[in-house]
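Structural description and commentary
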Amino acid sequence: MKPLTFTVLKFAALLFLLPGLGALVLNASLSTRDYSSMPANPDPDTGHIVPRIVHDRTIYITEAQNRQLNFLHHYGSWAFAIGIGLGVLYLGSLAFQLEKNYVSGGDDDAPQ
């Protein structure tokens, strides 16, 4: 495998891992930020009608807030999972290349 391929794999893994982890952290902070001030009962006048469980307490949020939190959760989970997969692929191909170089005794295709 060429050194450029290792660089591309490493870059792609980080490209998915970091935003995915950031989205999950943002989702957690938005979920818990105002949960003590959110209504514990549905409040149709203000639009707080969607139930959400945060820290073993049911609160009611608006549909827009629910869409935002669901998007962040799903995007973050998928991006993080893809980043983990690419990272495993990178480490596996790197280990294969290093083993091949060790067995052959050559250092002609060593990754940077």
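Notes on the structure follow. Note that the structure is a prediction, hence the values are computed from the model and not measured.

**Some thoughts on the overall build of the protein chain**
- Assigned secondary structure in the protein chain consists of two helices and two strands.
- Ordered by position from N to C terminus, the α and β elements of the protein chain give α-β-β-α.
- Across the 112 residues of the protein chain, 28% fall into the buried class.
- The long-range fraction of contacts in the protein chain, counting pairs at least 24 apart against all pairs at least 6 apart in sequence, stands at 47%.
- With the model as given, the accessible surface of the protein chain reaches about 7600 Å², and the carbon-plus-sulfur share is 65%.

**What to know about the environment of leucine 17**
- Relative to the assigned elements, leucine 17 resides in helix H1 (residues 3-33).
- Spatially, the C-alpha atom of leucine 17 lies 7.7 Å from that of alanine 81, the residues being 64 residues apart in sequence.

**Some points on the pairing of strand E2 (residues 57-61)**
- Of the strand pairs in this sheet, strand E1 (residues 50-54) and E2 are connected by five bridges, and their pairing is antiparallel. When the sheet's bridge partners are listed, arginine 52 is paired in E2 with isoleucine 59.
- Adjacent in sequence and paired antiparallel, E1 and E2 are bridged by two residues, among which histidine 55 carries a positive phi angle near 55 degrees.

**Quick look at the nonpolar core**
- Counting seven residues, the largest nonpolar core is built from Phe6, Leu9, Ala12, Ala13, Leu86, Tyr90 and Leu94.
- Secondary structure elements with two or more residues in this core: H1 and helix H2 (63-104).
- If one sorts the elements of this core by residue count, H1 sits on top with four residues.
- With six residues, the next largest nonpolar core counts Met38, Val50, Val54 and Ile61 among its residues.

**Some thoughts on the packing of aromatic side chains**
- Taken as a whole and judged by the stated rule, the model has one aromatic pair.
- For the ring pair phenylalanine 71 and tyrosine 75, a centre distance of 6.0 Å and an interplane angle of 10 degrees mean the geometry is stacked. Within this pair, phenylalanine 71 and its partner tyrosine 75 are both found in helix H2, separated by four residues, close to a single helical turn.

**Regarding a nonpolar patch on the surface**
- A surface patch of nonpolar side chains, amounting to about 550 Å² of accessible area, comprises Phe11, Leu15, Phe16, Trp78 and Ile82.
- Counting only elements with at least two residues in the nonpolar patch, the list comes to H1 and H2.
- Take the nonpolar patch: its biggest share by element is three residues, from H1.
- Take isoleucine 82: it is sitting in helix H2.

Reading the values: rules and limits
- Position numbers for residues count from 1 along each chain, tracking the sequence in the order it is written.
- The predicted origin of the model limits local features to residues at a pLDDT of at least 70 and limits the giving and counting of side-chain atom pairs to 80 or more, whereas totals for whole chains, interfaces and linings rest on all residues.
- The basis for every side-chain value is the complete set of non-hydrogen atoms in the structure, without hydrogens or water.
- Put simply, DSSP H or I for four residues or longer makes a helix, DSSP E for two residues or longer makes a strand, and each gets a number counted from the N terminus.
- Residue exposure (1.4 Å probe, protein chains only): buried if accessible area is under 20% of the type maximum, exposed if over 50%, otherwise partly exposed.
- Contacts are assigned to residue pairs with any non-hydrogen atoms lying within 4.5 Å of each other.
- For every accessible area listed, the method is Shrake-Rupley and the probe measures 1.4 Å; residues are considered covered only by the protein chains on display.
- Strands are labelled as partners when DSSP assigns at least two bridges between them.
- Side-chain atoms within 4.5 Å link the members of a nonpolar core, which is a set of buried Ala, Val, Leu, Ile, Met, Phe, Trp, Tyr and Cys residues.
- When two rings of Phe, Tyr or Trp (its six-membered ring) have centres within 6.5 Å they constitute a pair, described as stacked for plane angles under 30 degrees, edge-to-face for angles over 60, and tilted for the intermediate range.
- Excluding any residue in a salt bridge, patches collect residues exceeding 30% relative accessible area, merging like charges within 9 Å and nonpolar Val, Leu, Ile, Met, Phe, Trp and Tyr side chains within 5 Å.
- Whenever a carboxyl oxygen of Asp or Glu lies within 4 Å of a side-chain nitrogen of Lys or Arg, that contact is scored as a salt bridge.

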